Every structure is written in C-alpha cells, then in structure tokens.
Amino acid sequence: MKNALQCPSLFRAYEKHFRVGAAINGRMPADPAYRELICRHFNSITADNQMKPMFVMDRDATLARGDLSHAAVSFRSVDSLLSFANENGIAVRYHTLAWHNQTPRWFFAKDWSDAENAEPASRDVMLARLENYILDVMNHVNTCFPGLVYTWDVVNEAIEPDQGGPGLYRTRSPWYRTCGEDFLPAAFRAARKGQAPGQTLCYNDYNAFQPVKRDAILALLKKLQAENLVDTMGMQGHYVMDWMNVSLCEEAARAYAALGLKLQVTELDIHCNSDDEEHRLKLAQLYGDYFAMLKKLSAEGIGIEAVTFWGVTDADSWLTGFRRETSYPLLFTRDKQAKDAYDAVMKAAE
Ligand code: 9MR
C-alpha cells in the first residue's frame, strides 16, 4: 500500500467527468495531515454534521427574539468549514436544509417548547418557519462566501417505503406530520428564492437504487419538476458489500437522468467488515465497476455534478458505530494508506 499523501490526485483523474468530494468533520481542518489529504484528493467537500439544522438553529436566541414563525440561527460551525474550503479553493455542497433528523424537536413545537410531548406548531406556522430558515441560511452563505457553494440538499430522505402512506412518504417525519407532503415544494420554492446563479437544488435520499423507492422518488421529482423546483437527484450511495448491485444503480441513475435532471452521488461508502485480502479485492472490484459505470454515463452526456465519499479515511466512517462492527468502507486506511479500492478507482478513470 502507498501513502495516500503521495498518490496521484483522485479529483484530477476525474476532472473531465465530475467533481470528487468527501464529507469532512469539524476536527479535520485543524489537522495538518487531513488538510493535506483533503486538498490533494478532493475538489468538493461537505460537512458530515456541522451544516445540519441542529448545529445552526439557536434556541436561546430564538426565545429571546420572540417571533413564533422565525427561529434564530448561528453560523459558527458552518463558517469554520466554509472558511477552510474558501482558503483552499475547494467547492462546497451544502448538506442539508430540510430533514426529519438532526433538527431540534423544539423547532416543531408551537411555542418553541423543548418538552417531549409539546404541542406541535400548525401547518402554516411550520411552512413560515421553513421558508425563513432556508432563506436565512442561503442568504448568509451566499453573502459571506459568494460562489463557494455549488449545490444545496434542499430536502433529505423524505421517502421511506417502510413507513409509506400514499406516495411512500416518510410519515413519521415531523415535517410530514405537521405539513404533509406540502413541505417538499415549500422548501424548494424557498430555495429557488435564496439560490445564487449557478447553484443547483438537490433532492437527496438513500437506497435510491431500489426499484420501489426509486419509483416513489421519480414520482416526487416529477411533481417538483412541474413547478421547475428541482435540478439534481442526489443518490446517497451507502452500500453494503454483500448486496451492492452496480447494475441497479445504473438503471436508477438513468431513470433520474431521463427526467432531465442532473445527478450526484452524495454519500458514497461500501460497508465491509474485514480488510483481509479477499475483502480488499472485492471492495476494489465494486468501486472499480461503480466508477467505470459513472464515467460511462458521463461520457454519454449525462450530467454528473459530483461524487462525494462519506468520509476521508476508514477511521472517520460513521459505519463502525452504526453497524456495531469495524467497517472498512472507503479508499484510504486508518493510517492514510491508499487501498486496492483507490487503485481500482484510478484505473477506472484511465
Ligand atoms: O455521518 C453522520 C453521523 O455522524 C451522524 O451521527 C448521523 C446522524 O443521523 O448522520 C450521519 O450522516 C447521514 C447523512 O446526514 C444523511 N444520510 C445518512 C448519513 C449516515 O447516517
């Protein structure tokens, strides 16, 4: 294995096709080895957490402001990441504006109460809070860091077949419970108002390759397109080695692109619970096939804006905690060595 700090750049290898990005955490910009690794291999970053509503919405300031339809926001964690990107000439994808998760529960309460059984705010109030929040974030980012963000995850993970009523919407989401499916077009309308020229608006979801979920997402995207509200489909791409199916990913990517949308792979990793030789080679095969497929789509003229890994090295992956076993899902080892999977991705670019 080779030191990832000395290997040829991933993003340069794919420059003709799409940006290559990574999700980073708040500690990485202060770590010289991570800084070097990120700048060498990625020309797009997003935050694994710091840009999510729970890190931006400020309850004390909201209570002090006393406006029941307008939460106060604080951009400390967002700005430190945007400054890092800005100083190093790295573009940013903003993840995420409207999400059922990592949004404080008080944001959905009638009187900003933080109690578990608080009375929810009405639909109209929630739609006003949603628009105010989205515009506050977009205006701040576009004013303080003009030209830095190229794409916004406007709504994340609204379709969930296991909870699905009509349309297979995620019915247990506080957004769905307060506003029904109307929160989706409302979020995108606000984002259209807040976007700067050249930025794209993205719907983002996981398991977007699975036929049942894919078809529900396609129906949602068509509704949004009828009002020209969405530009890009974000296929997250959290895969598991034993069931990842590159052909199904290709079929789904083609179906989204056939609507006239751009594509992004927004959160790529392949869970794998060993790094013995057999697993290393299988991981390399899957990554190689996957990137070859993406490159083929791009060569055919399908617009792929970016492919973003969910983490930089295996040490940063959320999967180890989530799967309750050590995971080896990315291209670089915990010691920042380039794996066979890195070689396979580079080979697919040739
Ligand atoms: O990587 C994120 C992890 O640190 C958080 O604990 C988790 C909380 O839900 O969110 C992770 O990121 C998720 C992303 O925001 C949306 N798609 C699924 C990702 C992995 O769970």
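One can find the structure itself at the top, above this paragraph.
A quick note: this is a predicted structure, and the numbers were derived from the prediction, not measured.

### So, a negative patch on the surface
Move 1: Together, Asp-275, Asp-276, Glu-277 and Glu-278 give the surface a local cluster of negative charge.
Move 2: Inspection of the secondary structure puts Asp-275 in the loop between strand S9 (262-271) and helix H11 (277-299).
Move 3: On the accessibility criterion, Asp-275 (37% relative accessible area) is partly exposed.

### A look at the state of the cysteines
Disulfide: a covalent bond connecting the sulfur atoms of a pair of cysteines.
Move 1: Applying the stated criterion across every chain, the model contains 0 disulfides.
Move 2: Cys-249 forms no disulfide, and the closest cysteine sulfur to it belongs to Cys-202, at a distance of 16 Å.

### Focus on the environment of Ala-338
Move 1: Along the chain, Ala-338 turns up in strand S11 (residues 337-338).
Move 2: When the C-alpha atoms of Ala-338 and Ala-4 are compared, they prove to be 4.9 Å apart, with 334 residues separating the residues in sequence.
Move 3: Excluding residues that lie within four positions of it along the chain, Ala-338 makes contacts with Met-1, Lys-2, Ala-4, Cys-7, Leu-331 and Phe-332.

### What about H11?
Move 1: Here H11 spans 32 Å end to end across 23 residues, near enough to the 33 Å set by a 1.5 Å rise per residue.
Move 2: Positive phi shows up at Gly-301, right after H11, with a value of about 105°.

### Focus on the packing of aromatic side chains
Move 1: Throughout the structure, instances matching the rule amount to 22 aromatic pairs.
Move 2: With a centroid separation of 5.7 Å and 85° between ring planes, the pair formed by Phe-107 and Phe-108 is classed as edge-to-face.
Move 3: In this structure Phe-108 comes out as buried when scored by relative accessible area, which is 7%.
Move 4: Measuring from ring centre to ring centre gives 5.9 Å for Phe-107 and Trp-175, while their planes differ by 65°; the resulting arrangement is edge-to-face.

### Structural notes on the site of the ligand
Move 1: Near the ligand, the surroundings consist of 14 residues, among which Lys-52, His-95, Glu-157, Glu-267 and Trp-310 are the closest.
Move 2: Here Lys-52 contributes a side-chain N or O atom positioned 2.7 Å from an oxygen atom of the ligand.
Move 3: Between the ligand and the protein, one listed contact pairs a nitrogen atom with a side-chain N or O atom of Gln-236 at 3.1 Å.
Move 4: Contact with the protein chains covers 76% of the free accessible surface of the ligand, which is 450 Å².
Move 5: Here the ligand is seated within the largest pocket.

### Digging into the packing of helix H10 (residues 246-258) against H11
Move 1: Two elements in contact, H10 and H11, have axes separated by 10 Å at closest approach and are oriented at 25°. Judged on the interaxial angle alone, H11 and H10 are roughly parallel. For H10 against H11, the interelement crossing comes out right-handed. Of H11, the residues touching H10 (which contributes Val-246, Cys-249, Glu-250, Ala-253 and Arg-254) are Leu-286, Asp-289, Tyr-290, Met-293, Lys-296 and Leu-297.

### Some thoughts on empty space enclosed by the protein
Move 1: Summed over the entire model, instances satisfying the criterion amount to 3 cavities of 30 Å³ or more.
Move 2: There is about 40 Å³ of room inside the largest cavity.
Move 3: Residue assignment for the lining of the largest cavity shows that the elements contributing at least two residues are S9 and H11.
Move 4: Looking at the lining of the largest cavity element by element, the count peaks at 3 residues for S9.
Move 5: The residue makeup of the lining of the largest cavity, split by class, is 7 nonpolar, 1 polar and no charged.

### With respect to the side chain of Asn-204
Move 1: Tracing the chain through its elements places Asn-204 in strand S6 (residues 200-205).
Move 2: In contact with Asn-204, not counting residues within four places along its chain, are His-95, Asp-153, Val-155, Asn-156, Glu-157, Gly-234, Met-235, Gln-236, Thr-266 and Glu-267.

### Topic: the layout of surface pockets
Move 1: Its boundaries defined by the atoms lining it, the largest pocket holds a volume of some 570 Å³.
Move 2: Lining the largest pocket are 31 residues, with Glu-157, His-238, Glu-267, Trp-310 and Trp-318 sitting closest to its centre.
Move 3: Taken together, the residues of the lining of the largest pocket break down into 12 nonpolar, 12 polar and 7 charged.
Move 4: In terms of lining residues, the second largest pocket is bounded by 14 residues, among which Arg-105, Phe-108, Ala-118, Pro-120 and Arg-177 are the most central.
Move 5: Counted by class, the lining of the second largest pocket contains 8 nonpolar, 3 polar and 3 charged residues.

### Topic: the side chain of Gln-50
Move 1: By secondary structure assignment, the location of Gln-50 is in the loop between strand S3 (44-47) and helix H3 (53-56).
Move 2: Every residue in contact with Gln-50, bar those within four places of it in the chain, is listed here: Ile-24, Asn-25, Gly-26, Phe-55, Val-56, Ser-77, Val-78 and Leu-81.

### Some details on the packing of helix H6 (residues 123-144) against helix H8 (residues 183-194)
Move 1: The contact between H6 and H8 brings their axes to 9 Å, and the two run at 30°. In terms of their interaxial angle, H6 and H8 are classed as roughly parallel. As H6 packs across H8, the resulting crossing turns out to be right-handed. Mapping the contact onto sequence places Leu-127, Leu-130, Glu-131, Ile-134, Leu-135, Met-138 and Asn-142 in H6 and Phe-183, Ala-186, Ala-187, Ala-190, Ala-191, Lys-193 and Gly-194 in H8.
Move 2: Of the residues contributing to the contact of H6 with H8, the split by class is 10 nonpolar, 2 polar and 2 charged.

### A word on the nonpolar core
Move 1: Within the largest apolar cluster, 116 residues are counted, with the highest numbers of intra-cluster contacts made by Tyr-203, Tyr-287, Tyr-290 and Phe-291.
Move 2: Setting aside anything within four residues of it in sequence, one finds Tyr-287 in contact with Leu-268, Asp-269, Ile-270, Phe-309, Pro-329, Leu-330, Leu-331, Ala-341 and Val-345.

Each value, and the rule that gives it
- Residues numbered from 1 in each chain as written.
- Predicted model: local features only at pLDDT ≥ 70, side-chain atom pairs only at ≥ 80, totals over all residues.
- Heavy atoms only, no water.
- Patch = residues over 30% accessible without salt bridge, like charges linked within 9 Å, V, L, I, M, F, W, Y side chains within 5 Å.
- Areas by Shrake-Rupley, 256 points an atom, 1.4 Å probe, with all protein chains shown as cover.
- Salt bridge = Lys/Arg side-chain N within 4 Å of Asp/Glu carboxyl O.
- Lys, Arg positive; Asp, Glu negative; His and termini not counted.
- Charge placed at Lys NZ, Arg CZ, Asp CG, Glu CD.
- Helix = DSSP H or I, 4+ residues; strand = E, 2+ residues; numbered from the N terminus.
- Buried < 20%, exposed > 50% of the residue type's maximum accessible area, 1.4 Å probe, protein only.
- Disulfide = S-S within 2.5 Å.
- Contact = heavy atoms within 4.5 Å.
- Expected span 1.5 Å × (residues − 1).
- Phe/Tyr/Trp six-rings, centres within 6.5 Å; stacked < 30°, edge-to-face > 60°.
- Near = heavy atom within 4 Å.
- Polar contact = N/O pair within 3.5 Å; in protein donor to acceptor, adjacent residues only side chain to side chain.
- 1 Å grid on protein atoms, 1.4 Å probe; cavity = no way out; pocket = protein on both sides within 12 Å on 5 of 7 lines; lining within 4 Å.
- Sits in = over half its atoms within 2 Å of the grid points.
- Axes fitted to C-alpha atoms, helices over the stretch in contact; angles between N-to-C directions.
- Parallel < 35°, antiparallel > 145°, perpendicular 65-115°, else oblique.
- Left-handed = near helix turned anticlockwise from the far one by under 90°.
- Points joined across faces, edges and corners; volume = space filled by probe spheres on them.
- Nonpolar A, V, L, I, M, F, W, Y, C, P; charged D, E, K, R; others polar.
- Core = buried A, V, L, I, M, F, W, Y, C linked by side-chain atoms within 4.5 Å.

Worth remembering: the numbers are spatial, not functional.
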